[in-house]
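Commentary on secondary and tertiary structure
Chain by chain, the residues:
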Amino acid sequence: MIRKFVFDVDGTLTPSRKKIDKEFAEFFLDFCSKNLVYLVTGSDKPKTVEQIGEEIFNSVQMSFNCAGNEVWNKSTLVYSSVWKPNKEVTDYLELLLSESQFPERSGNHIEYRKGMVNFSVVGRKCSNEQRENYKLWDTKSQERVYLSEKIRSKFPNIDVYIGGETGLDIFEKGKGKSQAIEVIRTSDDDVLYYFGDQVFPGGNDFEAAMLCNYQPQIESWQDTYYSLLIMDELENENRNYGVNI
Ligand code: M1P
């Protein structure tokens, strides 16, 4: 049995778009040195490094950025998709943006990344206050569910998922996070654990998590920390009793 641990970043290892907690970072770095760890995130490499630091980024086996459309092995770029949404899609996103009843706009609403775009009504440049306002609005109005259904039904050849706290991750059909799992699983002996805060139908972790063997229930980085601590403790206890898990 070969255990492999797959982690989303925003909302799973860090608060969304924020830096990793110092104590957890120390623990996680040690975890990476003892286990096969992979990152699968909607964000690009610069944002990921800014949030988790170079040391953790370089200690994982591989980082699947932009939902696996840009793959890094430490500082080596292994793969980069060239897909871009066509004008019909981006015009439609602009239309949806203009129709949203949410009153605040911060700029950078359609962010182009490798092989995907991130679409955000409040905008990627939002302040913490605007982010909080949008979170409340989205919870109340379910705007991101509504928008993703509209986009999905108009363009059946693209995939749309709720990611992070404010946006939607949009890419070519089948080119979401699940493509990373197909690379990570290399043998029938592999046992994959998926840690993600968006493991629900329509969430950007859902399909990837369903391809893994275990999906601990995570709603925050604290949940991830706690699950890993429990796992560690159980292993130590079992080791003391001579049981192999
Ligand atoms: O991984 C999904 C998204 O997570 C964050 O989204 P938000 O800022 O809306 O909370 C960001 O890191 C975003 O880039 C990413 O796509």
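This text gives an overview of the structure that appears in the document. Keep in mind it's a predicted model, so treat the numbers as computed, not measured.

All right, on to the pairing of strand β1 (residues 2–7) then. Here β1 lies mainly inside the structure; five of its six residues are buried. In the sheet, β1 pairs with strand β10 (residues 190–195) via six bridges, with the strands oriented parallel. By the bridge assignment for β10, Phe5 is matched with Tyr193. Both β1 and strand β2 (residues 36–40) contribute to a ladder of four bridges, which runs parallel. From the neighbouring strand, Phe5 faces β2, where its bridge partner is Val37.

Moving on to the pattern of salt bridges. Applying the stated criterion to the full structure yields 15 salt bridges. In this structure, the salt-bridge partner of Lys47 is Glu111, at a minimum N-O distance of 2.7 Å. Highlighted residues: Lys47 in helix α2 (residues 45–52) and Glu111 in strand β6 (residues 110–113), separated in sequence by 64 residues. Taking the relative accessible area as the measure of exposure, Glu111 reaches 13% and is therefore buried. Here Asp91 ties to Lys87 by a salt bridge, and the two come within 2.8 Å at their closest N and O atoms. Here Asp91 and its partner Lys87 are both found in helix α4 (residues 87–99), four residues apart, which amounts to about one turn of the helix.

All right, on to the side chain of Asn35 then. Mapped onto the fold, Asn35 is located in the loop between α1 (22–34) and β2. What makes Asn35 buried here is its relative accessible area of 17%. Discounting residues that sit within four places of it in the chain, Asn35 has contacts with Arg3, Phe5 and Gln61.

Across the interface, α4 lies against helix α6 (residues 143–154) with an axial gap of 11 Å and an inter-helix angle of 150°. As judged from the angle between their axes, α4 and α6 are roughly antiparallel. Relative to α6, the crossing made by α4 is right-handed. Contacts between α4 and α6 involve Tyr92, Leu93 and Leu96 from the former and Leu147, Lys150, Ile151 and Lys154 from the latter. Considered class by class, the residues forming the contact of α4 with α6 number five nonpolar, no polar and two charged.

What follows covers the sheet that holds strand β9 (residues 167–172). Taken in spatial order, the four strands of this open sheet run β6-β7-β9-β8, and their pairing is antiparallel. Looking at the sheet topology across the chains shown, the edges are occupied by β6 and β8 (158–163). Neighbouring strand axes in the sheet, compared pairwise and without regard to direction, differ in orientation by 25° on average. Relative to β9, β8 is paired through six bridges, and the arrangement is antiparallel. Bridging from a neighbouring strand, Ile162 pairs with Leu168 of β9. Each of β6, β7 (116–120), β8 and β9 is contacted by α4, which is oriented at about 10° to β7, the strand it contacts most. Against the sheet, α6 touches β7, β8 and β9, its axis set at about 175° to β8.

Procedures and definitions
- Residues numbered from 1 in each chain as written.
- Predicted model: local features only at pLDDT ≥ 70, side-chain atom pairs only at ≥ 80, totals over all residues.
- Heavy atoms only, no water.
- Buried < 20%, exposed > 50% of the residue type's maximum accessible area, 1.4 Å probe, protein only.
- Helix = DSSP H or I, 4+ residues; strand = E, 2+ residues; numbered from the N terminus.
- Pairing = 2+ DSSP bridges.
- Salt bridge = Lys/Arg side-chain N within 4 Å of Asp/Glu carboxyl O.
- Contact = heavy atoms within 4.5 Å.
- Axes fitted to C-alpha atoms, helices over the stretch in contact; angles between N-to-C directions.
- Parallel < 35°, antiparallel > 145°, perpendicular 65-115°, else oblique.
- Left-handed = near helix turned anticlockwise from the far one by under 90°.
- Nonpolar A, V, L, I, M, F, W, Y, C, P; charged D, E, K, R; others polar.

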